[in-house]
Amino acid sequence: MTALVGAAALGLTTLTACSSDAGDGRTDGKLDVVASFYPLQFLAQRIGGSAIHVSSLTKPGVEPHDLEISPRQTADLSKAGLVVYLKGLQPSVDRAITQAEPKHVADAASYTTLEDHGTEVEGDHDHGGEAGHGDEGGHGGEGEEGHEGHAHSGDSAADPHIWLDPVRYAQVAKGVGKALEKADPDHATTYKENTTALVKELTTLDQDFRSGLKDRSSDTFITTHAAFGYLAERYGLRQEAISGLDPESEPSPARIKGLHSVAKKDKVNTVFFETLVSDRTAKTLAGDLHLRTDVLDPIEGIGDKSKGDDYIQVMRSNLKALQKALGTK
């Protein structure tokens, strides 16, 4: 891990200097950053580079919605130099941060807007996971200091999957960059430069999605859970999810019936499943409708089944999968 690079260079210092200074939020002179799950870990690693140590509360292969925080992890949060999380996605993380009260906190939800994305289809009024309208305002980008006083829409179960929209993700990247600058002013120049480079890369990704999804024969795609609302909104697509925002929820019979109607009406040819949750329902639906299946990855973690080694690579794999499913020319 890049966070460990250069540790050998500290060999001439004393044992005390090489160890973590209690209350300092640093190890070997580098800021200790704890991310709640992969998309925020990716941002921290790309922006912080070799100036920080990064760890993630959610281990590879673990579905982040299911994460439970141990007392030891909660205690470690209080010692971190910066905690980066997304309020409303992982309730156990929200509770642990409230208990630990780390000095510097960056809430990704405070750097952009959250919205409600339902799973509406004909004949289905059980939109599993849909909630009241989220807070569209008050996200001025000052979320790095303190975690109280923010009424984010995550509180009302609004769609938290902001990282699947490269434009919103770039907004979050800028916020995380500023949080790192505030927690570690000595490396502010590095954080500014790395943030600029990452935002440029995300802007290119957005442009590639825009051009790559032009001249398509269909706008509709069916996926396991409602993770792609922001992506669909950004590029003029229609997401139809088997489950709601919770990937583990079971669809109602009315939901399945409605998806049958949508698939036939909109000439859907693919049912997408994911890498971290069961593909049983998706494959059953695809079998009933004689459709193909493919992976559309919500990038909640990188594992052995991921089609890429990092966020950018997996997003490009998602673009190719959507192009094939939507019949782009």
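Residues numbered from 1 in each chain as written. Predicted model: local features only at pLDDT ≥ 70, side-chain atom pairs only at ≥ 80, totals over all residues. Heavy atoms only, no water.

If you look the chain up in an unreviewed UniProt entry, it shows as Zinc ABC transporter substrate-binding protein from Streptomyces antimycoticus. Check the Sequence similarities (unreviewed entry) section of the UniProt entry for the chain; it says "Belongs to the bacterial solute-binding protein 9 family." (UniProt positions renumbered as here; feature names shortened; annotations may be inferred.)

S.K.: I would appreciate a short explanation of the packing of aromatic side chains in the present structure.
M.R.: Describing an aromatic ring pair means giving the distance of the ring centres and the angle of the ring planes. Applying the stated criterion across every chain yields a total of seven aromatic pairs. Ring geometry for Tyr38 versus Phe42: centroids 6.2 Å apart, planes at 45°, classification tilted. Within this pair, Tyr38 and its partner Phe42 are both found in helix H2 (residues 38-48), separated by four residues, close to a single helical turn. Across the pair, Phe42 and Tyr38 agree in class, each one buried. Where Tyr169 meets Tyr311, the ring centres are 4.4 Å apart and the plane angle is 40°; that geometry is what we call tilted. In this pair, Tyr169 is assigned in helix H5 (residues 166-183) and Tyr311 in helix H10 (residues 311-326), connecting sequence segments 142 residues apart. (Phe/Tyr/Trp six-rings, centres within 6.5 Å; stacked < 30°, edge-to-face > 60°. Helix = DSSP H or I, 4+ residues; strand = E, 2+ residues; numbered from the N terminus. Buried < 20%, exposed > 50% of the residue type's maximum accessible area, 1.4 Å probe, protein only.)

S.K.: Looking at this structure, how should I read the pairing of strand S8 (residues 270-273)?
M.R.: In regular strands, side chains alternate between the two faces of the sheet. Burial along S8 is two-sided: Thr270 and Phe272 and Val271 and Phe273, pointing in opposite directions, are all buried. Looking at chain direction, S8 and strand S9 (residues 292-295) are connected through four bridges and run parallel. Looking at S9, one finds that Val271 is bridged to Thr293. Once you follow S8 into helix H9 (residues 280-289) and on to S9, the crossover reads as right-handed. (Pairing = 2+ DSSP bridges. Right-handed = clockwise from strand over helix to strand, strands pointing away.)

S.K.: Whenever I open this one, the pairing of strand S6 (residues 220-223) confuses me. Can you help?
M.R.: Residues Thr220 and Ile222 line one face of S6 and the alternating positions Phe221 and Thr223 line the opposite face, and both faces are buried. Each parallel crossover has a hand, and the one from S6 via helix H7 (residues 229-235) to strand S7 (residues 238-241) is right-handed.

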